[in-house]
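# Examining the three-dimensional arrangement
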Amino acid sequence: MSEQGKGSASASAAAPAPGSDTYKGWLFKWTNYLKGYQRRWFVLSNGLLSYYSFLCLLFCCRTQAEMAHTCRGTINLATAHIDTEDACNIVLSSGGRTYHLKASTEVERQRWVTALELAKAKAIRMMNDQSDDSGDEEPTSQSDRSEIQGTLKILVSKLDDLSTCNDLIAKHGAALQRSLSELEGLKVPVEGGEKIKAVNERATLFRITSNAMINACRDFLDLAETHSRRWQRALQYEREQRTHLEETIEQLAKQHNSLERAWREAPTLSSTPSAPTTSKGSERPHKEEASDEDEDTEYFDAMEDSPAFITVTASENTQHRRSQSNLSGASGGHPSDWNQDDHMSPSCNDVSGKELQPRRQRRTHIPDKPNYSLNLWSIMKNCIGKELSKIPMPVNFNEPLSMLQRLTEDLEYHELLDKAARCDSSLEQMCLVAAFSVSSYSTTVHRTAKPFNPLLGETYELDRLEEFGYRSLCEQVSHHPPAAAHHVISQRGWTLWQEITIASKFRGKYLSIMPLGAIHLHFHSSGNHYVWRKVTSTVHNIIVGKLWIDQSGDIEIVNHRTKETCQLKFSPYSYFSRDVPRKVTGVVADSGGQANYILSGTWDDKMEYAKIIQSSRGGSGSEGKQKTVYQTLSPKLLWKKYPLPENAENMYYFSALALTLNESEEGVGLTDSRLRPDQRLMEDGRWDEANSEKQRLEEKQRAVRRRREAEASDALDEGREYEGYQPLWFHQRRDSITGETNFVYKGGYWESKERQDWSMCPDIF
């Protein structure tokens, strides 16, 4: 890491002692790997640590108001963690924000640490005092004003009482002094005269003190009235600023949606995605992730994301038609294209995969989604200052399906695997497997709501053995980190299994969701074993605007028996790209690396493939990279998305399969997601009851976890082993291909279902 600026002027300017309310000075702050540490002016005041750049401080800031406007960042010490890495480094972290700071000397570092610790302790005390004194709701301006006026009236009344007492004291004091003066005029012994004189002096002092007390009380009342008016103005200003901010956010959201609708309806921009223009920030190393420096800088996808190859379609007249690997528009393919004229062997096309009609009539609709006016901002603005783990997220942001059911949705286009199992050619089989891997994303294009997080031990089965020849089982095998295991076996010649752990990173403007774990697919007759991993999903417009989802990254599918590969590229949306949005391209190569098929299409609509008949090295592209030119036969349809059911926009944009996933089934396990009460209440449109039930289930799960932790602690104290939680239907095994340890199906579920013996199931609902 760079230590730029370390040799410059002193890292700290003259500042008050660390014990004072304000502490200022120079420190070096880590920005990124290009700039390293940069010199910043830090101000510690009222439990807040703020910093300013050197140039802004030098040229812009002449007043306190200008300083506030040029602040580069602030961290609240009440919720911050203070750590020291080495002799001169300080690490401050609060929530998702982390500052890496460096002082010029160890002594200077210790001064700052002392000041920060004192300020943190004071901030925590202030926060606790405020939380003890404040109610659940903020009082209105009128009630505040009435309370202040009432307090002032009481103070005025008390002051009147003191004034009355002052008059009485003055009256009786004057009478007392007159009496004493008369006594002094009488013929009394010398000792008696001296005593009377002393009493007279004390009476005078008492009257002076009483007058001083009354004057002090009057000054206090004047000061209270002055400060009360000042506090009232400040409070009113803060309320107006908050209201203005909320109105601005709401107006921005409306303008955003209006621009989006106008953009979508514009005929010249018909090829742009239905989502607003949004740039994708570049990834940063772990220290840079923590820094909020230069957060406003936007990064756009460069054109090097374009394919490294060009396809030339061979026509009957041997005239070549060129396209930038965008074959999705080259053929209006239909399922009828699968015939003897196709590039694929007849063995792959002897059965359509959907000839058998379901024996049971499945449901085709669910209750319409209630029209609740709620957004993320309306929740976040009322959660400021609260502990994040104690903020229950309502079901308003969910869809009435669990993550296990969403995982099962990957099987919507299972007929691709049925067809692949009948292929004699492993390369043609690879094309169908690639299409299946892309098809799992087709349901996400409109599905911006999050699924329910499964409870530990929750399961979900999908038994389509009689209808489509397969059975699927999912189980939540871990809660921290959340992990789900999935196993599918088909009578049509294939088995699929996976363990998925979801990792996510919030980047301010968007949320990146990264599924971790490999997907395995085994074909029984050929022994071909395919392995691949999912790409990154990105949810844009988290705070303001309409949510939209993009998929980006690369998928490498490997046949570990033949060593054949398929490289798929999911192109991220870019304003500067001329390609169709949501584009996917790929190349299927044999074990020697020779390309045999080109794949192209979009992950939300269809995929096509074309057989390569000749390849050659082409000219250099715009970036100076040499591209390969593939001459192919006409592209043919490989997969096409099913149309959404009627009224899907009011049913969470569920597909035909998704509508049936939460349908009640007899004989399922006691931990099945269909039996989850909060999810069922949400589907029925009873969201308030669903929220209450969701909180009950989450608290029940926390209580079970605390009990397990206590049992583990007791076992540790007693020196005995504690096994911990073990899933019912999956166990951990080391994978011979990937070398990873993951959960695989150990059997027993379908046998228990036949016996209807669920005595081993835990009570999680």
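The protein is annotated in an unreviewed UniProt entry as Oxysterol-binding protein from Parambassis ranga. One UniProt comment on the protein, placed under Subcellular location (unreviewed entry), says "Membrane". Annotation of the protein in UniProt includes, under Sequence similarities (unreviewed entry), the sentence "Belongs to the OSBP family."

### Some words on the pairing of strand β3 (residues 48–53)
Taken across its six residues, β3 has five buried, putting it largely inside the fold. Examined bridge by bridge, strand β2 (residues 36–45) and β3 share six bridges and lie antiparallel to one another. Directly across from F42, in β3, lies its bridge partner Y51. Here β2 folds back onto β3 in antiparallel fashion, the turn holding two residues, of which N46 has a positive phi close to 55°. The pairing of β3 with strand β4 (residues 73–76) spans four bridges and is classified as antiparallel. Bridge assignment links S50 to a residue of β4, and that residue is T74.

### Overview of the packing of aromatic side chains
Applying the stated criterion to the full structure yields 17 aromatic pairs. Judged by centre distance (5.7 Å) and plane angle (45°), the ring pair of Y597 and Y609 falls under tilted. You can see Y597 sitting in strand β23 (residues 595–602) and its partner Y609 sitting in strand β24 (residues 606–620), a full 12 residues away along the chain. Among the aromatic residues, those joined into a cluster by ring pairs are W729, Y749, W750 and W758. The aromatic ring of W26 is capped on one face by R39, whose charged end is 4.1 Å from the ring centroid.

### Let's talk about the pattern of salt bridges
Inspection of every chain in the model, using the stated rule, returns 33 salt bridges. R686 serves as the salt-bridge partner of E689, at 2.8 Å between the closest nitrogen and oxygen. The exposure class assigned to E689 is partly exposed, which follows from its relative accessible area of 40%. One salt bridge in this structure joins E718 and R720, with 2.6 Å as the shortest N-O distance. By relative accessible area, which is 45% here, R720 ends up partly exposed. A network of salt bridges, in which partner residues are shared, links K694, E698, E699, R702 and R706.

### Examining the nonpolar core
By size, the foremost hydrophobic cluster in this structure holds 66 residues, and its most contacted members are W494, L521, W532, I557, L568, F570 and L599. Top element by residues in this core is helix α10 (residues 426–439). It accounts for nine residues. Discounting chain neighbours no more than four positions away, the residues touching L568 are A434, S437, V438, G553, D554, I555, I557, V584, T585, G586 and L599. L49, Y51, I75 and L92 belong to the second largest nonpolar core, which has 20 residues in total.

### A few points about the sheet that holds strand β1 (residues 22–32)
Strands sit in the order β4-β3-β2-β1-β7-β6-β5 across an open sheet of seven strands; the sheet is antiparallel. Where the open sheet ends on each side, the last strands, each with one partner, are β4 and β5 (81–83). Adjacent strand axes in the sheet meet at a mean angle of 30°, parallel and antiparallel pairs treated alike. By the bridge criterion, two bridges tie β1 to strand β7 (residues 97–102) in an arrangement that is antiparallel. Note that in β7 the partner of F28 across the bridge is K102.

### Here we look at the pairing of strand β22 (residues 583–589)
Taking burial as the measure, the seven residues of β22 include seven buried ones, the bulk of the element. Here strand β21 (residues 565–570) pairs with β22 via six bridges, running antiparallel. Looking at the pairing, F570 lines up with V584 of β22. The sheet contact formed by β22 and β23 spans seven bridges and is antiparallel. The residue of β23 that forms the bridge with V588 is Y597. Hairpin connection between β22 and β23: a loop of five residues separates the two successive antiparallel strands, and G593 in this loop has a positive phi of roughly 90°.

Reading the values: rules and limits
Residues numbered from 1 in each chain as written. Predicted model: local features only at pLDDT ≥ 70, side-chain atom pairs only at ≥ 80, totals over all residues. Heavy atoms only, no water. UniProt positions renumbered as here; feature names shortened; annotations may be inferred. Buried < 20%, exposed > 50% of the residue type's maximum accessible area, 1.4 Å probe, protein only. Helix = DSSP H or I, 4+ residues; strand = E, 2+ residues; numbered from the N terminus. Pairing = 2+ DSSP bridges. Phe/Tyr/Trp six-rings, centres within 6.5 Å; stacked < 30°, edge-to-face > 60°. Lys NZ or Arg CZ within 6 Å of the ring centre and 35° of its normal. Salt bridge = Lys/Arg side-chain N within 4 Å of Asp/Glu carboxyl O. Core = buried A, V, L, I, M, F, W, Y, C linked by side-chain atoms within 4.5 Å. Contact = heavy atoms within 4.5 Å. Axes fitted to C-alpha atoms, helices over the stretch in contact; angles between N-to-C directions.

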